[in-house]
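Summary of the model geometry
Listed below, chain by chain, are the residues.
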Amino acid sequence: MLPLLRTPVATPHTLEEALSLLAEPGARILAGGTDILPNLKRGLGSPSTLVSLHAVDALRGVSVGDAGLSIGAGTTLTQVATSGDVKRMAPSLAEAAESVASPQIRNMATLGGNVCLDTRCRWVNQSDFWRGALGGCLKSAGMNPEASFAQAGVCHVVPGGKRCVAAISADTVPVLIALDATARVASASGTHRLPLAELYVNDGVQNLALEPGEMLLGVDVPTHAGARRERYVKWRVRGSIDFPLVSAALRFDLDAGALTQARLVVGVLGARPKQVAVQKVALGRPLDQALATELAELAHRQCKPLENVPYEAGHRRHMLRVLVRRAIEALADEA
Amino acid sequence: MNEPRETPPGARLLSFRLNGEDLSVATADHQTLLELLRYGLDRVGTKQGCDSGECGACTVLLDGRPVLACLTLAVQVEGRDVRTVEALAEREAAALLDAFDRHDAAQCGFCTPGVLMSAEALLMDKRRVVSQGEARAALSGNLCRCTGYTKILDAVVDASEKLVEAADRTREPAS
Amino acid sequence: MTSSDKWQLGGRHRKLGAMERMRGVARYTDDLRLPRMLHAKILRSPHAHARILSIDASRALGMPGVIAVITGSDMPTPYGVIPWTTDENALAIEKALYVGDGVACVAAESEELALRALKGIEVEYEVLPAYFDPEEALAAEETINPYARKGNLSKKVELEFGDVDAALHGAALVIEADYEFHGTTHGAIEPHCALAKVDADGLLTVWSATQVPHYLHRELAKVLETPARQIRVIQPPLGGAFGGKSEPFDLEFCVAKLSQITGRPVKLLYTREEVFYAHRGRHPMKMHYRVGFDASGKLLAVDAKTVLDGGAYSSFGLVTTYYSGQLLCAPYELGAYRFDSRRAYTNKPACGPKRGHGSVQPRFAMEVSLDKAAVELGIDPIDLRRKNAMGEDCLTVNELRVGSNGFLDCLAAVEEASGWKQRRAKLGFGHGLGVAGSTYISGTNYCIYPNDMPQAAVQITLDRSGRARIFSGASDIGQGSDTMLAVIAGEELGLPTEDIRVLSADTDLCPVDLGAYSSRITLMVGNACLEAARKLRKKVTQSVAKRWECSPKQVNLVAREAIDMHDPERRAPLVEAFQWAEADHGLLGEVGSYDTPKDRHGSYRGGAIGASPAYSFTAHVAEVKVDAETGEVGLVKIWCAHDCGTAISRGLVEGQIEGSCYMGAAEVVLESHGVNSEMGGLHHGPSLLDYRMPTTLDTPEIEALIVEAPDARGPHGAKEAGEGPLHSTIPAIVNAIYDAVGVRVDDLPVTPAKLVRALAAQAEKGGV
């Protein structure tokens, strides 16, 4: 067995209890456990308490209101992927949730957990022994400040880099950003909302703009009355049990065949998703082959994958271009 | 030598249903369900292949859904229903085991308990004849290194057919 | 009897013990617990190459629950599975040779406490230059392995048969290229695990997830300096092996030693990461091949130069080095043949035998060369192979004697099943079919350690309840060897397999068997079993004949009955027949043993390595769809026809074929055991996430076609099926990729990036 530290686990039943437990310094949330437990088993992080949310029913469920979809952070990815409401109102979100890891993981992992998924890097997501043999890096030192790594401040992806570039690897995040979702965040002192895009900062050690004690309650995805085409695409080499190697969420709103909104959000580059600036090129145009090629080129130009996850960065960049073009071609055909 | 007398922090009594039986057992906060099943309760049918959620050998059913016991803390199953491979002896599951046996679907058998739990969930969920494609999707979180999956998939489809036949027979009037 | 009389041989059988395994009742090694059992953990080197200056375990020994710590100097006798290359210690003594090399081992009251105690062991290292490339290692001054006698050259074999230079000089076509086979590993889902205890009278029992209990027994005796008679090795049900558990590992020595020291049972279970460090997987090989043909496509000569990347220890490397050349000489007549293979030590986890030991890599180079020649000469690739096929009962260019040979039938079977003739020309760009063929041994003629004793032995007893017990040292690693023995014995004795208990792989209960490797069990242990069963059959039929006053020859034993073949109305229950026989002969027990014929190979030095009593043959056709823009290879279907001599149990043979195809396909497109300088000798991803084994969604449809060319040396004609069907999977897929998109990637794995680069290079060439 891989060792878990003897961290106490709190099992609150209400949101209030959960928030007050989370206010303790060093407390961390345990939701589905599929990200944090492998990390803790490999010595990444040393929380003072784990606040397990499995009994907090208030965090679960998909509901539909006037403003759109509201999904509790504790809703499992299987529930997101199979919800009729999600499939109807945000099909690309269902697509993204369905593509995560494996069936068992999707039955356990939550939407909130995926939104808050820790960044990943091939120099970090290894055992304690492995990272010790390496001598550590920006992220492993940042997560375990007490570790006695000889070169605690080194980045192995970007030599000389001072900021960690571990990659955001959550499948649902690019989609939620592309759909203009907002996050509902709570702490013991109150609740606030922020656009999901603003939840992420450019630091792979800790890429979430959450204060200690804050917790994601859920995400709201606004409704769109008019015509919309959306899709999530990703490259992975194995059909299951795999993280994305590069990913993209696309959303196009149309009025009388002309684009009124366009979003292209790319994942697995650095610590936060990249919003490719496509509006200027796309608005007012039809969704067609020419646009597919142009936006794919734009994505290729603006996005530079790094050697932070497996498989050559150059090829991942090439794949991004192909996936984006093909996705738009397919969406154009749907019309 | 002194044996350690540490009481783990957060040691607690855990109550849950295991294979139809209500259990109350002592557990520690940091103990995984896999550890509890294998080393605490000696239910060794649930296997450990990677201990990191990457192989599916420890798949159990939690409230009817396949989950990974290595990434579930024991405390998370409080009050819930856990089924392991040891429960697969009657009803639908017997058909599944029989199909696996007839098809030679197990070679070394180490991944098989986990595979069976994923298959069992699929058959319970669909309650009809499943396709090869559905079986492939449902078992895509279970690595098998021996079989190339061919006979496993055949066995799952075969078991679903046998179950439908059996259900049809019971529905027919006894004349 | 004639084969038409077989009443269960060649049928389908429920596998012995399968239900127990599936239901979670069977206890694998980690499922065993003993009272007062301690748990052990190994401290491993974080350096790829370092001198160990000092080890101080005093802090660990003072930690709660820690009972004992051992280091290499507690077990100083070197060992090695091949007696000529004893270059390993149970734990490193002078130097650590790769990241993950075992340095010290702790026994504690729990696994958690043992792990914690590892941090209390201080090791002072002097870091040395490390070598990750075999050619750099061969050129280096620094010697990696302290027991090495020729610097970093672990083994060199150079053999020539016929005049290769003259033949190549006169060839109409010479295909010359460099091929590279990356390293891959076994990936059994059960991690290695061992448990040891010492009885009050000093008997040491070791339960281990091993596929070679006998070799473990021998090496334990040697390293622990304990007489073999005081050691018992038991192999519990095994969760896959594929060659990865075919020699002793540090954990077995450690639990045994710690158990001797503490007097308590000790268990050690590897983490998944440690399984990758234990490795002994497929050797990376760099191969330079020149293959010459005449204008009609007849093979004139092969000239092969190979560098093997061996890792830190020899393992089976001496044999691997020979196999990399010796096993290439069938199924084609080569004309003349030369090979020059050099194995280098490097600062990496040691390589060893993985399914298709040593010959999978050269088979890839050879079969791709053939494919290139077929294109150059404008000959259908299947026809080219047919043209060069050797027949049965012939001698290879390196003087191996081949008996039965179903290769042409294999080719015909895959040609037919895949619709090769009708479909191949019609497939559009991106869609292709590829073919390849191969051969493999059914066990090796000579044992790893020289001796004149039989290679396999089986003991069978019958009892008055109408049952048989088979005692066999063979290791059922999931391939179903226990079932194979039950079918063979049951066929003779009239018993269905469920009336037979097979007690295997326990050195106290069973006769010695050398283990599950080199595809030896069906032929060797099967023959031994057949001999013992026939002796018992004779006793039983004699006793029946005596009572029926007829000739024993007319008594048949079938399906729990003795039957008079001249008067089928006259029958007796088998249980009664057994009782008559026990009354006549006393307790019914017989032994059978098997040794290899020694006239199957040449007399030159090394001529016996690669020699086997019988050879299996295989042909594959693979169908792929290649996305030329992304470089992704979609595996559509694999047809594999395998000549296993005689299928003793069809489902088991199919299972071996299917599993082999799966494992080979994974080596082409997904798996890579990456340890190199890029990460300073650290394994690229010692986990089942990063070492990407195919899931159900990545595995193509596989159609297993059984071809039977019975061999006079096999039991009922049977040959191997467990390893042969892997070989040509790989080149068949690579050749199909070429058929689909017209480019070749000669260095494995075929990653999307490599394929896109190859396509781009071709487009550029085409544009000039």
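What you see is a predicted model, and the numbers here were worked out from it, not measured in a lab.

On to the pattern of salt bridges. Residue and element names in this part refer to chain B. Counted by the stated rule, this structure contains 104 salt bridges over all chains. The residue Arg102 makes a salt bridge to Asp158 at a minimum N-O spacing of 3.1 Å. Here the residue Arg102 occupies a position in helix H2 (residues 91–102), and Asp158 occupies one in helix H5 (residues 150–171), the gap between them amounting to 56 residues. Residue Arg102 is classed as partly exposed on the basis of its relative accessible area, which comes to 33%.

The subject of this paragraph is the interface of chain B and chain C. The partner chain C presents 62 residues to the 49 residues of chain B that form the contact. Across the chain B/chain C interface, buried area totals approximately 4,600 Å², and carbon plus sulfur atoms make up 53% of it. Per-residue buried area on chain B facing chain C is highest for Asp101(B), Gln107(B) and Arg145(B); these three make up 18% of the total on that side. Lys151(B) is the partner of Glu658(C) in a salt bridge, and the nearest nitrogen-oxygen pair spans 3.3 Å. The tally of links from chain B across to chain C stands at 26 residue pairs in polar contact (both at pLDDT 80 or more). Sorting the residues of the side of chain B that touches chain C by element identifies helix H1 (33–40), H2, helix H3 (112–126), helix H4 (132–138) and H5 of chain B as the ones contributing at least two each.

Taken together, the contact between chain B and chain A spans 35 residues of the former and 30 residues of the latter. Roughly 2,600 Å² is buried in total at the junction of chain B and chain A, and carbon and sulfur atoms are behind 58% of that figure. Considering only the side of chain B, the residues that lose the most area to chain A are His30(B), Leu71(B) and Gln76(B), jointly responsible for 23% of the buried surface there. If you look at where chain B meets chain A, you find 2 salt bridges.

This brings us to the packing of aromatic side chains. All names here are of chain C. A complete count under the given rule lists 18 aromatic pairs over all chains for this structure. On the numbers, 6.4 Å between centres and 15° between planes, the contact of Phe161 with Tyr337 is stacked. Of this pair, Phe161 sits in strand E7 (residues 153–161) while Tyr337 sits in strand E15 (residues 336–344), and the two are 176 residues apart along the sequence. Of the two residues, Phe161 and Tyr337, neither departs from the other in class, the shared state being buried. Measuring from ring centre to ring centre gives 5.8 Å for Tyr215 and Tyr517, while their planes differ by 50°; the resulting arrangement is tilted. One end of the pair, Tyr215, is in helix H6 (residues 213–224); the other, Tyr517, is in the loop between strand E21 (500–504) and helix H15 (521–548), and 302 residues separate them in sequence. The residues Tyr215 and Tyr517 share a single accessibility class, namely buried. Grouped by ring-pair contacts, the aromatic residues Phe161, Tyr337, Phe339 and Tyr604 constitute a single cluster. Taking NZ or CZ as reference, Arg744 lies 3.9 Å from the ring centre of Tyr738, over its face.

Residue and element names in this part refer to chain C. Taken together, the 5 strands give an open sheet; going across it, the order is E7-E15-E14-E13-E8, and neighbouring strands pair in mixed fashion. Strand pairing shows two members of the sheet lacking a second neighbour, E7 and strand E8 (173–181), which therefore form its edges. For this sheet, the mean inter-axis angle between neighbouring strands, taken without regard to orientation, is 5°. Relative to strand E14 (residues 299–309), strand E13 (residues 285–293) runs antiparallel, the two being bridged by 9 bridges. The residue of E14 that forms the bridge with Arg290 is Asp303.

Domain annotation of chain A identifies domain 1 (1–52) and domain 2 (227–334). Placing the centre of domain 1 of chain A and that of domain 2 of chain A at their C-alpha centroids yields a distance of 35 Å.

All names here are of chain C. Across the interface, helix H14 (residues 481–493) lies against H15 with an axial gap of 9 Å and an inter-helix angle of 30°. For the element pair H14 / H15, the angle class is roughly parallel. Viewed along their axes, H14 and H15 form a crossing whose handedness is right-handed. Residue-level contacts link Ser481, Met484, Leu485, Ile488, Ala489, Glu491, Glu492 and Leu493 of H14 to Ile521, Thr522, Val525, Gly526, Cys529, Leu530, Ala533, Arg534, Leu536 and Arg537 of H15. Each residue belonging to the contact of H14 with H15 can be placed in one class, and the counts come to 11 nonpolar, 3 polar and 4 charged.

Once that is clear, we can look at the pairing of strand E26 (residues 615–627) of chain C. Residues and elements named next belong to chain C. Burial of E26 is extensive: 11 of the 13 residues sit out of reach of the surface. In the sheet, strand E18 (residues 431–441) pairs with E26 via 11 bridges, with the strands oriented antiparallel. Within the sheet, the bridge partner assigned to Thr439 lies in E26 and is Phe617. Pairing geometry for E26 and strand E27 (residues 632–643), over 11 bridges, is antiparallel. Bridged to Val621 within E27 is Trp639.

What counts, and where the lines are drawn
- Residues numbered from 1 in each chain as written.
- Chains lettered and ligands numbered in written order.
- Predicted model: local features only at pLDDT ≥ 70, side-chain atom pairs only at ≥ 80, totals over all residues.
- Heavy atoms only, no water.
- Salt bridge = Lys/Arg side-chain N within 4 Å of Asp/Glu carboxyl O.
- Helix = DSSP H or I, 4+ residues; strand = E, 2+ residues; numbered from the N terminus.
- Buried < 20%, exposed > 50% of the residue type's maximum accessible area, 1.4 Å probe, protein only.
- Contact = heavy atoms within 4.5 Å.
- Buried area = accessible area lost by both parts, 1.4 Å probe.
- Polar contact = N/O pair within 3.5 Å; in protein donor to acceptor, adjacent residues only side chain to side chain.
- Phe/Tyr/Trp six-rings, centres within 6.5 Å; stacked < 30°, edge-to-face > 60°.
- Lys NZ or Arg CZ within 6 Å of the ring centre and 35° of its normal.
- Pairing = 2+ DSSP bridges.
- Axes fitted to C-alpha atoms, helices over the stretch in contact; angles between N-to-C directions.
- Domains from an automatic or database assignment.
- Parallel < 35°, antiparallel > 145°, perpendicular 65-115°, else oblique.
- Left-handed = near helix turned anticlockwise from the far one by under 90°.
- Nonpolar A, V, L, I, M, F, W, Y, C, P; charged D, E, K, R; others polar.

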